[in-house]
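Tertiary structure, described
Chain residues, written in single-letter form:
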Amino acid sequence: MFSSLKQRVEDVLLAGDEFSFETDDTISLTEPVKPEKAVCGPGLRRSGDRLVVCKSGVLRHKPPNVFWIDSQQRRYVPAKGETVIGIVTAKSGDMFKVDVGGSEQASLSYLAFEGATKRNRPNVVVGDLVFAQFIIANKDMEPELACMDSSGRASGMGVFGAGGLMFTVSLGLVRRLLSPHSEVRSDLETLFPCELVIGMNGRLWVRSSSIQQTLIIANLLQSCETMTAQQRKELFRRVQQGAL
Amino acid sequence: MMEVSGSSNVCLREFGCEQSLLSRPDGSSSFVQGDTSVMAGVYGPAEVKVSKEVYDRAVLEVLIQPKVGLPSVRERSQEQCVRETCEASLLLSLHPRSSLTLILQVLHDDGSLLSCCLNAACMALMDAGLPMSCLFCGVTCAITAEGEIITDPTAAQEKESRALMTFAIDSTERKVMMSSTKGSFSVHELQQCIAVSQKASEKIFQFYRDSVKRRYSKTH
């Protein structure tokens, strides 16, 4: 099955395609045979003794044994550990309700900020943008956010947003921006200096030295979704020369 | 799969589709079969009212808007057919206490409307990235007064037929997921129509595969 999975890496697969665990007809008696283990990521599900594709997309592989389906989506589904940009919608008792773009609003405790105690409450009002990570996110429970990591430090999370613009893009573009050697990000660095916050729920926040530059960067990122690499480099070059 | 006998006509009208054409829904598609054209939009998984939520799976709501006028009883029965097919193929238990909404707008009806709705619905669900256990497609067959079987009939052919059947076929085992029939026909004719529909569904599934391949080859 490993080999049949490896054969189809970088192929476009549809929901319903399956891989079965084929056993070899002959097992060698002289060499030690190790059991194969494959780690299945998003888009692949195990059903009995078969591996079924449940989302349409491209099969990706990370050695040694991780496989997943790369699919394009606009709707975010909360997952533990992901950092997202949320909008505070309500304050009820000791918790804030935060809209992260999923099917349910997430809750954020007021103690989940760096240096927050019962006497020293964080300065959060309804309508603020927060950059937080999920500490609980599964299909059965209400998602919970925290603005600090496990050691109690903020590490970039918390309330932010004055003077910038938040907009929504597809999840695929966000993953491309966050990948280690992102071409889109390196192209963006050649333009104006700006501050960029990337939420894995498809929300981006941009702030640059003037409102016009902020809007230009926001429009460029939104149009990056549908362009090939060639067209994107061409467009960025035109902006750099000041044509737009 | 059943055997197809000689006197049947497995030819479909020209079909085409487009995905991600609407900006607000999470998934959208437009499917054209000959002159029949349907546009679909999917929203979800989204918030649901507490009165409508189900604790262990997502709730799917289908709305079919006709080209002219308000939805009537005919649209309600078509919605039920589409909803049952979608519920059978979507993995609803992965999103408990959420809602999925599928809205189908009829742009032009020239026969085979229900199968065009099913195809548009499947493409929109794929575009939205919802987890599915299999894909499905819709095929319509009409039996003429002489006993000939026509696939993908036009509105004129549907009017003159003595029986009209629509089947939803799944992609993994080519089995019938849903059937909606009108008119009088024998058991043998029904089995023949099912065989013809299964054969026609191959073309549609190949088309799905090609269009998804084209879509993913663009953005790299």
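- Looking up chain B in an unreviewed UniProt entry gives the name Exosome complex component RRP46, with the organism given as Acanthochromis polyacanthus.
- In its Sequence similarities (unreviewed entry) section, the UniProt record describing chain B reads: "Belongs to the RNase PH family."

- Per an unreviewed UniProt entry, chain A is named Exosome complex component RRP40, and its organism is Acanthochromis polyacanthus.
- Note on chain A: under the UniProt heading Sequence similarities (unreviewed entry), the record states "Belongs to the RRP40 family."

Brief notes about the confidence of the model for chain B
Residue and element names in this part refer to chain B.
- Overall, the predicted model of chain B reaches an average pLDDT of 91, with 95% of residues at or above 70.
- Note on residues 1-8: pLDDT under 50 across the span, and 16 contacts to partners over four residues away in sequence or across chains.
- Interface confidence in the predicted complex, given as ipTM, is 0.87; pTM for the same model is 0.91.

Section: helix α1 (residues 73-89) of chain B
Residues and elements named next belong to chain B.
- Relative to the 24 Å expected for 17 residues at 1.5 Å per residue, α1 spans 25 Å between its end C-alpha atoms, a close match to the ideal helical length.
- Considered for burial, the residues of α1 that qualify are E75, Q78, E79, C81, V82, T85, C86 and S89. Within α1, the buried residues cover an arc of 160 degrees as seen down the axis, which keeps them to one side.
- Tucked into the core, α1 has its buried residues touching β5 (59-65), β6 (99-108), α2 (113-127), β7 (136-143), β9 (163-170) and β10 (176-183).

Things to note about the interface of chain A and chain B
- Listed by partner, the interface residues are 30 residues for chain A and 35 residues for chain B.
- Buried area between chain A and chain B, summed over both chains or domains, comes out near 2700 Å², and the portion from carbon and sulfur atoms is 52%.
- On the chain A side of the interface with chain B, the three residues burying the most area are L14(A), Q72(A) and R75(A), jointly 24% of the side's total.
- Linking chain A with chain B are 3 salt bridges.
- For the salt bridge of R97(B) with E104(A), the shortest nitrogen-to-oxygen distance reads 3.3 Å.

So, the domain arrangement of chain A
Residues and elements named next belong to chain A.
- Taken domain by domain, chain A holds domain 1 (2-70), domain 2 (82-159) and domain 3 (165-241).
- Its C-alpha centre places domain 2 at a distance of 26 Å from the equivalent point of domain 3.
- At the junction of the two partners, domain 2 supplies 11 residues and domain 3 supplies 9 residues.
- Overall, the association of domain 2 and domain 3 removes approximately 760 Å² of surface from exposure, summing both partners, and the carbon and sulfur fraction of that is 63%.
- Our count for the contact surface shared by domain 2 and domain 3 stands at 1 salt bridge.
- Inspection of the domain 2/domain 3 interface yields 5 residue pairs in polar contact (both at pLDDT 80 or more).
- Contributions of two or more residues to the side of domain 2 that touches domain 3 are made by β8 (83-92) and β11 (129-136).
- With 5 residues, the single largest contributor to the side of domain 2 that touches domain 3 is β8.
- Classifying every residue of the side of domain 2 that touches domain 3 gives 6 nonpolar, 3 polar and 2 charged.

What to know about the environment of G16(B)
Residue and element names in this part refer to chain B.
- In this fold, G16 is placed in strand β2 (residues 15-19).
- Sequence spacing of G16 and Q192 is 176 residues, and the spatial spacing of their C-alpha atoms is 27 Å.
- Setting aside its immediate chain neighbours within four residues, G16 contacts S30, F31, V32 and F207.

Examining the packing of α2(B) against helix α4 (residues 187-218) of chain B
All names here are of chain B.
- One can describe the packing of α2 onto α4 by two numbers: an axis separation of 12 Å at closest approach and a directional angle of 30 degrees. The element α2 and its partner α4 pack so that their crossing is right-handed. Residues N119, C122, M123, M126 and D127 of α2 form the contact with α4, whose own contacting residues are I204, Y208, S211, V212 and R215.
- Residue classes in the contact of α2 with α4 are distributed as 6 nonpolar, 2 polar and 2 charged.

Regarding the UniProt feature "domain: Exosome complex component RRP40 N-terminal" (unreviewed entry) in chain A
- Under the UniProt annotation, the feature "domain: Exosome complex component RRP40 N-terminal" (unreviewed entry) is placed at residues 37-65 of chain A.
- Helix makes up 0% of residues 37-65 of chain A and strand 55%, and the two end C-alpha atoms of the span are 7 Å apart.

So, unusual backbone geometry
- Cis geometry marks the peptide bond from P63(A) to P64(A), where omega comes out at 10 degrees.
- Along the chain, P64(A) turns up in the loop between β6 (57-62) and β7 (66-70).
- Cis geometry marks the peptide bond from G44(B) to P45(B); its omega dihedral reads -5 degrees.
- The residue R97(B) is not glycine, and still its phi comes out positive at about 60 degrees.
- Checked against the element boundaries, R97(B) lands in the loop between α1 and β6.
- R97(B) sits in the buried class, given a relative accessible area of 18%.
- One non-glycine residue, D152(B), lies in positive phi territory at about 55 degrees.

Concerning the side chain of R232(A)
All names here are of chain A.
- Along the polypeptide, R232 turns up in helix α5 (residues 229-240).
- With relative accessibility at 2%, the residue R232 sits in the buried group.
- At 3.4 Å, the side chain of R232 forms a polar contact with the side chain of D187.

Rules behind the numbers
Residues numbered from 1 in each chain as written. Chains lettered and ligands numbered in written order. Predicted model: local features only at pLDDT ≥ 70, side-chain atom pairs only at ≥ 80, totals over all residues. Heavy atoms only, no water. UniProt positions renumbered as here; feature names shortened; annotations may be inferred. pLDDT = per-residue confidence, 0-100. Contact = heavy atoms within 4.5 Å. Helix = DSSP H or I, 4+ residues; strand = E, 2+ residues; numbered from the N terminus. Expected span 1.5 Å × (residues − 1). Buried < 20%, exposed > 50% of the residue type's maximum accessible area, 1.4 Å probe, protein only. Arc of directions from axis to C-beta. Buried area = accessible area lost by both parts, 1.4 Å probe. Salt bridge = Lys/Arg side-chain N within 4 Å of Asp/Glu carboxyl O. Domains from an automatic or database assignment. Polar contact = N/O pair within 3.5 Å; in protein donor to acceptor, adjacent residues only side chain to side chain. Nonpolar A, V, L, I, M, F, W, Y, C, P; charged D, E, K, R; others polar. Axes fitted to C-alpha atoms, helices over the stretch in contact; angles between N-to-C directions. Left-handed = near helix turned anticlockwise from the far one by under 90°.

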